[in-house]
Amino acid sequence: MEFEVIEGGFELRHAHEVLRVEHWGADSVRVRAAVHRIPEQDAGALQERPQAPAPPAAERGEDGVVRYVVGALTVEARLDAGDGKPAVMLRFVRTADGAELLAEKREHFWWPGSHVFYGQRSGLYEIHQQFEAYEGERIYGLGQHQHGRLDHKGLVVDLIQRNSEVSIPFYLSNRGYGFLWNNPAVGRVELADNATRWVAEAAPALDYWVTAGDTPAGILGRYADAVGHAPVLPDWASGFWQCKLRYLGQEEILDVAREYRRRDLPLSVIVSDFFHWTAMGDYRFDPEEYPDPAAMVAELKEMGVRLMVSVWPTVSPLSENYDEMVSRGLLVGTDQGVELHQDIHDKKMPRSLPVAFYDPSNPRTRRFVWDTVKKNYFDLGVRVWWLDACEPELNPCHPKNLSFHSGPGAAVVNTYPRDNARLFFEGNRETGEPGTVLLCRSAWAGQAQYGAAVWSGDIPPTWESLAVQVRAGLSIAIAGIPWWTTDIGGFHGGDPSDDAYRELYARWFAYGAFCPLFRLHGHREPRGELGSPASGGPNEVWSYGERCLEVSRAHMELRERLRPYIGRVMAEAADTGMPPMRALFLQFPEDRRAWDVDDQFLLGPDLLVAPVLSPGVTSREVYLPAGARWREIHSGRTWEGGLHIEADAPYEYIPVFVREGADVGL
């Protein structure tokens with residue numbers, strides 16, 4: 001094993017493999033390995049090394065082990081002879097006491113080692129990285145998934161973007177470390193009892209990042225330093241957002257906004273959903289539905305309401321921009337076949353037909369799309385963007401056949417939503433306008449730095465789905481996305497006139513009032529065909545009957561009182577990387593019982609929320625974290641922390657507690 005000290009780290013060479021370890025922020029290292037040489041460029045999240053004091057140089061001891069001390073984390077590298085072919089192996093330990101945090105593990109005693117490259121005759125490899133598994137380890141984060149678990153240990157998780165399944169390959173371990181698989185390739189992670197194994201189906205090199213910390217908050221701070229901090233959420237964005245599939249034009253949008261004003265209900269954002277355009281890829285309002293969009297935006301602004309416009313990355317062959325985008329190479333390419341990746345029944349189409357996607361990894365595409373969006377939306381006053389279907393939503397899902405400016409589809413496709421958010425963030429920034437919110441259906445590591453929020457996709461309107469979203473939201477917060485929300489009431493259906501569904505709506509609305517973004521959306525009954533001019537059923541807060549309207553009004557007014565507190569929490573998220581929506585253990589890591597709770601959360605440090613997740617109940621069990629006293633905001637009752645209590649939960653509200661002595665506005 002050849003050992004060489006390099007600037008900021010060290011390199012090892014054995015046979016054809018080169019392995020590089022570099023300090024990458026305080027208490028953190030980046031590990032890269034490849035056959036023959038480390039690639040000069042990559043599409044991952046670790047673009048710039050965070051500012052941190054340089055650690056002492058790595059040293060090779062008399063025992064042959066290379067040791068590199070990076071603050072609280074020490075890396076040990078050795079050539080493991082095993083019982084067969086020797087292989088380089090890494091071990092990560094806590095500097096203070098030498099406790100093992102994570103260690104590489106061979107796939108087999110003879111061959112292969114812990115990192116494996118299966119060549120594909122293309123310069124890409126199927127790459128495996130295997131680590132030891134530890135009894136009692138818990139693994140949190142990994143994006144947003146619909147499996148209903150907060151602790152991912154024991155699961156196999158696909159590393160691919162899908163509607164409602166957001167792949168962000170970062171996790172936080174209760175053993176005191178954080179881990180980022182800095183590889184946007186399609187693959188999977190297997191979190192088994194006998195090993196943890198990461199698999200990239202086609203990638204040029206191995207790339208991962210490890211950090212150590214005394215607290216979960218410290219680990220999340222190091223992660224944000226490495227991939228980029230979110231900006232501060234604009235003040236207006238913490239209010240109520242109204243949306244449905246779909247408003248049929250500017251008069252309907254204005255009528256709804258006027259009705260909110262007439263009823264004295266707070267409203268911050270209203271949404272023009274898809275099919276408001278002339279054709280996918282035109283990126284402009286249909287003049288038959290929006291005869292004077294500038295006047296619409298101006299009237300909304302006068303009412304204190306912003307218009308959010310849905311912009312899909314799909315480009316129809318019928319678009320006025322299609323030929324130019326094809327000729328300039330601005331669309332996603334293919335290795336084989338025509339460059340069409342999805343089918344949809346768009347305007348002007350007699351039936352569902354194929355469409356393409358633009359390539360946001362190409363800077364020339366980003367320039368063209370933003371210039372078009374600016375002329376047709378921004379210059380009319382639109383400032384808020386809904387980046388829907390940005391996985392991208394392939395049909396069939398064949399990412400290995402795609403070709404991007406940044407690399408082969410199989411190797412880079414998971415960064416598509418991040419690159420798409422970058423397009424709008426950079427375009428908005430160059431106008432000199434204040435920051436905005438990009439509501440995205442998917443995300444990758446580091447996307448928060450571009451002002452990206454995520455919602456949980458096209459989910460069903462069921463109690464089971466509501467329960468799943470609670471865990472999904474906590475998971476994506478740990479994975480580095482602080483701005484998050486759901487479609488209140490679920491997306492696919494729901495009858496506003498049905499009493500059973502109204503109960504679900506009331507509970508979901510109460511939960512939504514304490515999410516980072518507070519947004520009502522859905523495709524309600526009766527639903528028309530997506531490609532037809534008809535919209536779905538009504539989805540305003542007065543659509544669910546008087547009882548639900550009063551529940552909605554009470555929670556909208558409560559949210560208004562909370563907005564100064566939410567602003568402080570959002571500023572903390574931007575500064576420290578601590579998300580606003582927090583699993584209990586993030587705030588109370590010393591309370592071992594807090595690590596067991598997955599159906600409650602904290603909004604900031606001082607507000608404890610216990611959603612109601614099943615029908616027909618009027619109370620629920622709540623765990624109050626130790627180390628504080630807690631006051632329930634509706635009853636005024638106070639309890640010591642460290643207790644399980646039975647809290648009242650009538651139809652009108654869910655249990656919510658304030659830490660004693662905290663100022664949250666309630």
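The coordinates are above.
## Focus: the overall build of the protein
Move 1: Within the protein one finds 11 helices and 40 strands.
Move 2: Taken over the C-alpha trace, the protein has a radius of gyration of 25 Å; the compact-globule value for 666 residues is 26 Å, and the two agree within 12%.
Move 3: Counting the 666 residues in the protein, one finds 62% classified as buried.
Move 4: Look at the contacts in the protein between residues 6 or more apart in sequence, and 69% of them connect residues 24 or more apart.
Move 5: When the accessible surface of the protein is totalled, it reaches about 24,000 Å², and 47% of it is carbon and sulfur.
Move 6: Distance between charge centroids for the protein: 1 Å, based on 67 positive and 94 negative side chains.

## Concerning a nonpolar patch on the surface
Move 1: On the surface, a cluster of nonpolar side chains totalling about 440 Å² of accessible area is made up of Phe109, Trp110, Trp111 and Tyr118.
Move 2: On the secondary structure map, phenylalanine 109 appears in the loop between strand S9 (100–103) and strand S10 (115–119).

## Digging into a negative patch on the surface
Move 1: Judged by side-chain charge, Asp264, Glu546, Glu550 and Glu557 come together as a negatively charged surface patch.
Move 2: A residue is classified by how much of its surface remains accessible, and glutamate 550, at 43% relative accessible area, is partly exposed.

## A closer look at the sheet that holds strand S32 (residues 518–520)
Move 1: The sheet built from eight strands is open, its strands ordered S31-S30-S29-S26-S21-S20-S19-S32 with parallel pairing. This sheet does not close on itself; its edge strands, each paired only once, are strand S31 (484–485) and S32.
Move 2: Against the sheet, helix H2 (residues 250–262) engages strand S19 (240–242), strand S20 (269–272) and strand S21 (306–310), with an angle of about 160 degrees to S20.

## Re helix H9 (residues 499–512)
Move 1: With 14 residues, H9 ought to run about 20 Å at 1.5 Å a step, and its terminal C-alpha atoms sit 20 Å apart, in line with that.
Move 2: Burial runs high along H9: 12 of the 14 residues are buried.
Move 3: Listed as buried for H9 are Tyr501, Arg502, Glu503, Leu504, Tyr505, Ala506, Arg507, Trp508, Phe509, Ala510, Tyr511 and Gly512.

## Structural notes on the pattern of salt bridges
Move 1: One pass over the structure, following the stated rule, counts 51 salt bridges.
Move 2: Residue aspartate 27 is joined to arginine 222 by a salt bridge in which the shortest nitrogen-to-oxygen separation is 2.9 Å. Placement of the pair is aspartate 27 in the loop between strand S3 (17–23) and strand S4 (28–35) and arginine 222 in helix H1 (residues 216–227), with a sequence separation of 195 residues.
Move 3: You can call arginine 222 partly exposed: its relative accessible area is 29%.
Move 4: Among the charged side chains, a salt-bridge network with shared partners connects Asp63, Arg67, Glu76, Arg91 and Glu100.

## Regarding the environment of methionine 280
Move 1: Following the sequence through the fold, methionine 280 ends up in the loop between S20 and helix H3 (293–302).
Move 2: For methionine 280, a relative accessible area of 1% translates into the label buried.
Move 3: Separated by 245 residues in sequence, methionine 280 and valine 35 place their C-alpha atoms 43 Å apart.
Move 4: Each residue touching methionine 280, except ones within four places of it in the same chain, is listed here: Phe275, Trp312, Thr314, Val315, Ser316, Ser319, Ile344 and Asp346.

## Some points on the side chain of aspartate 591
Move 1: Topologically, aspartate 591 is positioned in the loop between helix H11 (584–587) and strand S34 (601–603).
Move 2: Among buried Asp, Glu, Lys and Arg side chains, aspartate 591 stands out as unpaired, with arginine 593 the closest opposite charge at 4.5 Å.

## Some words on the packing of helix H5 (residues 363–376) against helix H7 (residues 416–430)
Move 1: Interhelical geometry of H5 versus H7 gives an angle of 55 degrees and a closest axis separation of 10 Å. The angle between the axes of H5 and H7 places the two elements in the oblique class. Once H5 is placed against H7, the crossing between them reads as right-handed. Across the interface between the two elements, Arg366, Arg367, Val369, Trp370 and Val373 from H5 touch Asp419, Arg422, Leu423, Phe424, Glu426, Gly427, Asn428 and Glu430 from H7.
Move 2: Looking at the contact of H5 with H7 residue by residue, the class counts come to five nonpolar, two polar and six charged.

## Observations regarding the pairing of strand S14 (residues 166–173)
Move 1: Within S14, eight of the eight residues are buried, leaving the element largely enclosed by the surrounding structure.
Move 2: On S14, burial covers both faces: Val166, Ile168, Phe170 and Leu172 on one face and Ser167, Pro169, Tyr171 and Ser173 on the other are all buried.
Move 3: As judged from the five bridges shared by strand S12 (residues 139–144) and S14, these two strands associate in the antiparallel manner. Bridged to glycine 141 within S14 is tyrosine 171.
Move 4: Direction of pairing for S14 relative to strand S15 (residues 177–181): antiparallel, over a ladder of four bridges. For tyrosine 171, the partnering residue across the bridge sits in S15 and is phenylalanine 179.
Move 5: Where S14 folds back onto S15 in an antiparallel hairpin, the turn is made up of three residues, including glycine 176, whose phi is positive at roughly 100 degrees.

## Observations concerning H5
Move 1: Over its 14 residues, H5 runs 20 Å from end to end, which matches the ideal 20 Å to within 8%, given 1.5 Å per residue.
Move 2: For H5, the complete set of buried residues consists of Thr365, Arg366, Phe368, Val369, Trp370, Thr372, Val373 and Asn376.
Move 3: Looking at the buried residues of H5, the elements they touch are helix H4 (322–327), strand S26 (384–387) and H7.
Move 4: The distance from a side-chain oxygen at the start of H5 to the backbone nitrogen of arginine 364 is 2.9 Å, and the residue carrying that oxygen is asparagine 362.

## Description of the state of the cysteines
Move 1: Per the counting criterion, the structure on display carries zero disulfides.
Move 2: Free of any disulfide, cysteine 243 has its nearest neighbouring cysteine sulfur in cysteine 440, separated by 15 Å.
Move 3: Owing to a relative accessible area of 0%, cysteine 243 belongs among the buried residues under this scheme.
Move 4: Cysteine 515 forms no disulfide, and the closest cysteine sulfur to it belongs to cysteine 243, at a distance of 16 Å.

## What to know about unusual backbone geometry
Glycine aside, the phi torsion of most residues is negative, and most peptide linkages are trans.
Move 1: Residues leucine 245 and arginine 246 are joined by a peptide bond in cis, for which omega reads -20 degrees.
Move 2: Inspection of the secondary structure puts arginine 246 in the loop between S19 and H2.
Move 3: The peptide bond linking asparagine 395 to proline 396 adopts the cis configuration, its omega dihedral lying at 0 degrees.
Move 4: Structurally, proline 396 is set in the loop between S26 and strand S27 (402–404).
Move 5: Phi angles above zero are rare outside glycine, and serine 164 is one such case at about 80 degrees.
Move 6: Assignment of secondary structure puts serine 164 in the loop between strand S13 (156–159) and S14.
Move 7: Judged by relative accessible area, which is 10%, serine 164 ranks as buried.

## Section: the sheet that holds strand S5 (residues 59–60)
Move 1: Taken in spatial order, the five strands line up as S5-S6-S7-S8-S9 in an open sheet, and their pairing is antiparallel. The open sheet has two edge strands with one neighbour each: S5 and S9.
Move 2: Summarising the sheet, S5 and strand S6 (residues 66–70) pair through two bridges and their orientation is antiparallel. Bridge pairing in S6 places arginine 60 opposite valine 66.

Thresholds, definitions, all that
Residues numbered from 1 in each chain as written. Predicted model: local features only at pLDDT ≥ 70, side-chain atom pairs only at ≥ 80, totals over all residues. Heavy atoms only, no water. Helix = DSSP H or I, 4+ residues; strand = E, 2+ residues; numbered from the N terminus. Rg over C-alpha atoms; globule rule 2.2 N^0.38 Å. Buried < 20%, exposed > 50% of the residue type's maximum accessible area, 1.4 Å probe, protein only. Contact = heavy atoms within 4.5 Å. Areas by Shrake-Rupley, 256 points an atom, 1.4 Å probe, with all protein chains shown as cover. Lys, Arg positive; Asp, Glu negative; His and termini not counted. Charge placed at Lys NZ, Arg CZ, Asp CG, Glu CD. Patch = residues over 30% accessible without salt bridge, like charges linked within 9 Å, V, L, I, M, F, W, Y side chains within 5 Å. Salt bridge = Lys/Arg side-chain N within 4 Å of Asp/Glu carboxyl O. Pairing = 2+ DSSP bridges. Axes fitted to C-alpha atoms, helices over the stretch in contact; angles between N-to-C directions. Expected span 1.5 Å × (residues − 1). Parallel < 35°, antiparallel > 145°, perpendicular 65-115°, else oblique. Left-handed = near helix turned anticlockwise from the far one by under 90°. Nonpolar A, V, L, I, M, F, W, Y, C, P; charged D, E, K, R; others polar. Polar contact = N/O pair within 3.5 Å; in protein donor to acceptor, adjacent residues only side chain to side chain. Disulfide = S-S within 2.5 Å.

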